[in-house]
Structures are given as structure tokens and as C-alpha cells.
Amino acid sequence: MKQGKCPKCGSTNIYGPADLPLKSGPFGSNSIPVSLTAMAALDNYVCVDCGLVESYVADDRMLKKIAEKWKAVNASVDEED
Ligand SMILES: [Zn+2]
């Protein structure tokens, strides 16, 4: 969706947060808890035709922190190796 196409309905009417001044809203809305002391603001991309929203953590430091603090999700066991 960052590339401007909706994966759900195929629309190209996607709107992104490029110039949004306040990504993280009041009381930590539009952000996710990363650790006890850190929150990561989200970039939201919205399809104005079907309403689908995709969220991305844009801050590289937070992505690193998530990789340190969170538990990795294992790939499907169905996959051949
Ligand atoms: Zn759509």
C-alpha cells in the first residue's frame, strides 16, 4: 500500500501520512507499546475506496528495539526447507 495500490480492492486512491504533523495522537493513540518505556508512532495508509488501513512503524530506532524486545514469530511449519 506504500506503493499506492490497495491489496484488497485494487484501488489506487491511497492516502498516506507524508505531511501529518502529529503521528502519535493523544493518550498514545495511533502508536503501539514497544517496551515499558517506549512507544512507536504509526504511519497509516488508507484506501479511500474500501476503507482498508495499513500501519507501519517508520522509526528505525523503534524497529531495532522491537527486534530486541519482542518475541520472533516462527515461519509456518508447512514450509519446505
Ligand atoms: Zn481498497
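Model, not experiment: these values are computed from the prediction.

A few points about the environment of L63
Relative to the helices and strands, L63 resides in helix α1 (residues 60-69). Considering only alpha carbons, one finds L63 and A40, 23 residues apart in sequence, at a separation of 8.5 Å.

Remarks on the pairing of strand β3 (residues 39-47)
The pairing of strand β1 (residues 14-15) with β3 spans two bridges and is antiparallel. Each residue of the ladder has a partner; that of Y15, found in β3, is V46. Connecting strand β2 (residues 31-33) to the antiparallel partner β3 that follows it, the hairpin turn spans five residues. Two elements, β3 and strand β4 (residues 53-57), share five bridges in a ladder whose sense is antiparallel. When the sheet's bridge partners are listed, N44 is paired in β4 with S55.

Concerning the packing of aromatic side chains
For the structure on display, the rule yields one aromatic pair. With a centroid separation of 5.6 Å and 90° between ring planes, the pair formed by Y45 and Y56 is classed as edge-to-face. With Y45 in strand β3 and Y56 in strand β4, the pair connects residues that are eleven residues apart, well separated along the chain. Over the face of the ring belonging to Y56 we find K2, whose NZ or CZ atom lies 4.1 Å from the ring centre.

Calculation rules
Throughout this description, residue numbers start from 1 for each chain and increase along the sequence as written. Predicted model: local features are reported for residues with pLDDT of at least 70 only, side-chain atom pairs are reported and counted for 80 or more only, and whole-chain, interface and lining totals are derived from all residues. Only heavy atoms go into the side-chain values, all of them from the structure, while hydrogens and water stay out. A run of DSSP states H or I qualifies as a helix once it reaches four residues; a run of E qualifies as a strand once it reaches two. Both are numbered from the N-terminal end. Strands are labelled as partners when DSSP assigns at least two bridges between them. Note on ring pairs: Phe, Tyr and Trp rings are taken, using the six-membered ring of Trp, and paired if centres are within 6.5 Å. Classes follow the plane angle, with under 30 degrees stacked, over 60 edge-to-face and the rest tilted. Comment: the charge-over-ring label is applied if NZ (Lys) or CZ (Arg) is within 6 Å of the ring centre and within 35 degrees of the ring normal.

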